[in-house]
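Examining the three-dimensional arrangement
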Amino acid sequence: MKYARLTKEQFEELQQEFINFLASQSITGEEWKEIKTNKPEVAEQELDVFSDLVWEGVLNKAEYLEHFSPNQIYLFKVTELTINLIAIEVKNEAVDVTTRHGYAWLQQNLMDDRVSLYTSSKNISDDRNKDIFALIQQGAVITKGDLYNFFEKHLNLG
């Protein structure tokens, strides 16, 4: 397995896609029930293959990711060749940017001495999707990039 198995909830959301996946392998609903009962290891393999296919589709489309912690925000933009980072660090123990109040404080105090902005860039490895998946495993979520684009303009990076 290249990525991670989808959760039960994710499988439920993708039930029709999973049925289509099984059908593409000429596995009927009855046959699937039989496989789950009599060949659980085969069923596990099918779940893993489907999970990887779903992850590949999602990761292929991913361009922006965000990761919030109480005093830091990491904003990522994935290009063909690089992963670009804008990092915002708040050096004020009273502020937690994961809360509405803390985020509002950051918006109002962006130029405060207790707010540091950093940028960085690294080359993508031979496996772009694996690089993105590693960020997701560390807590990043895929976004539309609004926050990244705001800071990119604010920092005159674009």
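Details of the structure are given in the entry above.
Summary of the structure given here. (Residues numbered from 1 in each chain as written. Predicted model: local features only at pLDDT ≥ 70, side-chain atom pairs only at ≥ 80, totals over all residues. Heavy atoms only, no water.)

Some remarks on the overall build of the protein chain
If you tally the helices and strands in the protein chain, you get seven helices and five strands. For the protein chain, the α and β elements follow one another from N to C terminus as α-α-α-α-β-β-β-α-β-α-β-α. Relative to its length of 158 residues, the protein chain is extended, with a C-alpha radius of gyration of 21 Å against a globular reference of 15 Å. With respect to the principal axes defined by its C-alpha atoms, the protein chain has extents near 65 × 35 × 20 Å. Intrachain contacts of the protein chain at a sequence separation of at least 6 include 69% that bridge at least 24 residues. When the accessible surface of the protein chain is summed, it comes to about 10,200 Å², and 50% of that surface belongs to carbon and sulfur atoms. Separation between the mean location of the 16 positive side-chain charges and that of the 26 negative ones in the protein chain comes to 2 Å. (Helix = DSSP H or I, 4+ residues; strand = E, 2+ residues; numbered from the N terminus. Rg over C-alpha atoms; globule rule 2.2 N^0.38 Å. Contact = heavy atoms within 4.5 Å. Areas by Shrake-Rupley, 256 points an atom, 1.4 Å probe, with all protein chains shown as cover. Lys, Arg positive; Asp, Glu negative; His and termini not counted. Charge placed at Lys NZ, Arg CZ, Asp CG, Glu CD.)

Brief notes about unusual backbone geometry
A positive phi angle, close to 60°, is found at Ser-26, a residue other than glycine. Looking at the secondary structure, you find Ser-26 in the loop between helix 2 (15–24) and helix 3 (29–38). With relative accessibility at 60%, the residue Ser-26 sits in the exposed group. (Buried < 20%, exposed > 50% of the residue type's maximum accessible area, 1.4 Å probe, protein only.)

Here we look at the packing of helix 4 (residues 40–61) against helix 6 (residues 128–137)
Helix packing for two helices is described by the angle between their axes and how far apart those axes are. Following both chains from N to C, one finds helix 4 and helix 6 inclined at 95°, their axes separated by 9 Å at the closest point. Of the possible angle classes, the one that applies to helix 4 and helix 6 is roughly perpendicular. Two secondary-structure elements touch here, helix 4 through Trp-55, Glu-56, Leu-59 and Asn-60 and helix 6 through Arg-128, Asn-129, Ile-132, Phe-133 and Ile-136. Its residues assigned to classes, the contact of helix 4 with helix 6 shows five nonpolar, two polar and two charged. (Axes fitted to C-alpha atoms, helices over the stretch in contact; angles between N-to-C directions. Parallel < 35°, antiparallel > 145°, perpendicular 65-115°, else oblique. Nonpolar A, V, L, I, M, F, W, Y, C, P; charged D, E, K, R; others polar.)

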